[in-house]
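Architecture and fold: a report
As a plain string of letters, each chain reads:
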Amino acid sequence: MKNKLRIGLIGSKFMGRAHSNAWKKAGLFFDIPLQPVLQMVCARHENSLHEFAEQWGWQQTETDWKKVVSNPLVDVVDIALPQHLHYEVALAAAREGKHIFCEKPLAMNSRQAEEMLRVCEEHRVVHYLNHNYRRTPAISLARRMIDEGKIGRIFHWRCAYQQDWIVDPEFPLTWQLRAETAQAGPQWDLNSHAVDLAHYLVGPIATVSGLTAQFVAERPLADESSSGNLQADALGDAKGKVTVEDAALMLVQFENGAVGSFEATRFATGRKNALSFELYGSKGSLKFDLERMNELSFYSAEDPEGCQGFRTIQTTEASHPYAAHWWPPGHIIGYEHSFVHAAVDFVRAVDSGTAIEPNFASGVQILKVLEAGL
Ligand code: SOE
């Protein structure tokens with residue numbers, strides 16, 4: 001029998017579901033040293049919380065997050081909340097000696113993030129920041145190919161994260177559109193992922209310039225109790241001010257001399273969850289598009305003349321990162337699998353007492369870039 005790792009999940013919306021699924025699947029598909037147990041889930045609304053707990057198999061429910069972080073039955077606090085709540089919960093969890101699995105973006109600002117990091121280090125807990133896309137087989141493979149020297153010196157990074165869920169001006173003023181709960185718009189929500197990938201694949205960013213735009217200034221007030229999965233109802237006819245940007249673009253210079261661009265928006269009509277990047281180096285180039293997430297495009301300048309060109313690698317072979325644990329070669333995987341991979345790597349880090357990346361130190365660096373951009 002494996003030792004248990006008892007999870008206390010705080011949050012039961014979109015990310016609460018993605019994390020619940022990850023904890024359930026991790027030990028079924030991967031041989032991990034500890035067995036995650038869905039010990040306790042916490043959310044504000046009691047009725048929907050009970051339904052959620054029953055559906056996903058959480059053993060206990062709690063409406064007060066403080067009782068989760070202080071509970072001796074909990075080993076890991078999983079923070080699946082909007083970013084304005086991360087700071088207080090993470091500090092309390094670390095002080096109770098709990099390991100932390102935290103949704104992105106890490107915090108409202110880098111000052112909060114630095115303190116979260118300091119307290120986690122002081123209490124020697126494992127801290128993980130869930131930029132899940134790193135753990136898709138294709139992006140992990142991209143990193144492996146860069147490490148193997150297949151791309152050479154990187155000159156260019158070009159990244160766009162495009163969605164369209166708030167194009168309708170009648171979409172209500174949810175927490176993601178208010179500075180007091182979100183801090184910023186796509187700069188925090190989407191460019192946080194993009195900067196994490198740039199740090200992972202290219203390296204640290206040295207200088208930043210940015211441009212933002214707002215397209216809709218007022219929206220109907222939102223009924224937050226029903227919101228989840230990026231859908232929400234309006235409360236009535238009353239409107240409130242949108243206090244975050246709607247589009248955020250950046251030009252950056254990396255410490256290694258490469259240059260890059262970022263484009264993040266939730267106003268790209270027709271683009272649902274399109275995260276794409278291109279990376280150009282002295283020996284080769286890579287292209288990725290989340291809407292075709294099992295594929296990685298690779299151009300090698302070392303291929304024989306006459307048959308050079310971008311090739312599409314379907315990252316579903318046993319030799320590709322994470323892939324052997326799922327299905328036979330060629331059988332594709334999806335969005336939720338990246339969360340399972342994060343849970344697996346997190347469990348291993350807790351068991352071995354080693355750090356996992358990205359972590360709160362990565363979060364500090366990401367937030368500094370995002371702040372500079374704004
Ligand atoms: C909304 O824009 C969102 O849910 C992000 O918050 C997630 O991090 C991203 O993975 C999908 O889109």
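Being a predicted model, the structure only gives us computed values, none of them experimental. (Residues numbered from 1 in each chain as written. Predicted model: local features only at pLDDT ≥ 70, side-chain atom pairs only at ≥ 80, totals over all residues. Heavy atoms only, no water.)

1. Digging into the pattern of salt bridges
Throughout the structure, instances matching the rule amount to 21 salt bridges. Between D189 and R266 there is a salt bridge, with its nearest N and O atoms 3.0 Å apart. Residue D189 is found in helix α8 (residues 186-189), and its partner R266 is found in the loop between β12 (259-265) and β13 (274-281); the two are separated by 77 residues along the sequence. The same class applies to D189 and to R266, which are both buried. (Salt bridge = Lys/Arg side-chain N within 4 Å of Asp/Glu carboxyl O. Helix = DSSP H or I, 4+ residues; strand = E, 2+ residues; numbered from the N terminus. Buried < 20%, exposed > 50% of the residue type's maximum accessible area, 1.4 Å probe, protein only.)

2. Quick word on helix α2 (residues 46-56)
Along α2, the residues classified as buried are L49, F52, A53 and W56. One side of α2 carries all its buried residues, which in axial view fall inside an arc of 100°. For α2, the exposed residues set more than 90 degrees away from the buried face come down to N47, E51, E54 and Q55. Count one or two residues on from α2 and you reach G57, which has phi positive near 85°. (Arc of directions from axis to C-beta.)

3. Comments concerning the sheet that holds strand β6 (residues 127-130)
With parallel pairing, the six strands of this open sheet are ordered in space as β3-β2-β1-β4-β5-β6. The open sheet is flanked by β3 (60-62) and β6, the only strands paired with a single partner. Each neighbouring strand pair of the sheet contributes to a mean axis angle of 25°, computed without reference to strand direction. Taken together, the four bridges between strand β4 (residues 76-79) and strand β5 (residues 99-103) define a ladder with parallel strand orientation. In the sheet register, V76 faces β5, and the bridge partner there is H99. Of the strands in this sheet, β1 (3-10), β2 (34-42), β4, β5 and β6 touch helix α1 (residues 14-29), which is tilted by about 155° from β2. (Pairing = 2+ DSSP bridges. Axes fitted to C-alpha atoms, helices over the stretch in contact; angles between N-to-C directions. Contact = heavy atoms within 4.5 Å.)

4. Notes on the state of the cysteines
Across all of its chains, the model carries zero disulfides by this definition. Here C102 is not disulfide-linked; the sulfur of C120 is the nearest cysteine sulfur, at 9.0 Å. Relative accessible area serves as the criterion here: at 0%, C102 is assigned to the buried category. (Disulfide = S-S within 2.5 Å.)

5. Considerations on the site of the ligand
Around the ligand, the neighbouring residues are F14, K104, Y133, Y161, Q163, W165, D189, L190, H193, L230, N273 and Y335. One nitrogen or oxygen atom from the side chain of K104 is found 2.8 Å from an oxygen atom belonging to the ligand. Protein contacts shield 90% of the accessible area of the ligand, which totals 300 Å² for the unbound molecule. In terms of domain composition, the shell around the ligand takes at least three residues from each of domain 1 (3-133) and domain 2 (137-292 + 294-329). (Near = heavy atom within 4 Å. Polar contact = N/O pair within 3.5 Å; in protein donor to acceptor, adjacent residues only side chain to side chain. Areas by Shrake-Rupley, 256 points an atom, 1.4 Å probe, with all protein chains shown as cover. Domains from an automatic or database assignment.)

6. Let's talk about empty space enclosed by the protein
To locate leftover empty space, one rolls a probe as large as a water molecule over the atoms. Enumeration according to the criterion identifies one cavity of 30 Å³ or more in this entry. A volume near 50 Å³ is recorded for the largest cavity. What lines the largest cavity is simply P137, N294, T315, T316, A323, W326, W327, P328, H331 and I333. (1 Å grid on protein atoms, 1.4 Å probe; cavity = no way out; pocket = protein on both sides within 12 Å on 5 of 7 lines; lining within 4 Å. Points joined across faces, edges and corners; volume = space filled by probe spheres on them.)

7. A word on the domain arrangement of the protein
Segmentation of the protein into domains returns domain 1 (3-133) and domain 2 (137-292 + 294-329). Each of domain 1 and domain 2 was reduced to a C-alpha centroid, and the two centroids are 24 Å apart. In this complex, domain 1 contributes 17 residues to the contact, which on the side of domain 2 involves 27 residues. In this assembly, domain 1 packs against domain 2 so that about 2000 Å² is buried in total across both faces, 62% of it on carbon and sulfur atoms. Linking domain 1 with domain 2 are one salt bridge. D189 serves as the salt-bridge partner of K104, at 2.9 Å between the closest nitrogen and oxygen. For the side of domain 1 that touches domain 2, the element with the highest residue contribution is α1, accounting for three residues. (Buried area = accessible area lost by both parts, 1.4 Å probe.)

8. Observations regarding the sheet that holds β13
Pairing is mixed in the open sheet, where eight strands are placed in the order β8-β11-β12-β7-β13-β14-β15-β16. With one partner strand each, in any of the chains shown, β8 (205-213) and β16 (311-314) form the two edges of the open sheet. Taken over all neighbouring pairs, the strand axes of this sheet differ in orientation by 15° on average, direction set aside. Bridge analysis of strand β15 (residues 295-300) against β16 gives four bridges, and the strand direction is antiparallel. Bridge pairing in β16 links F298 to R311. Sheet strands touched by helix α9 (residues 191-201): β7 (154-162), β8, β11 (247-254), β12 and β13. Its angle to β7, the strand with the most contacts, is close to 160°. Contacts from helix α11 (residues 360-373) reach β8 and β11 within the one sheet, and its direction differs from that of β8 by about 50°.

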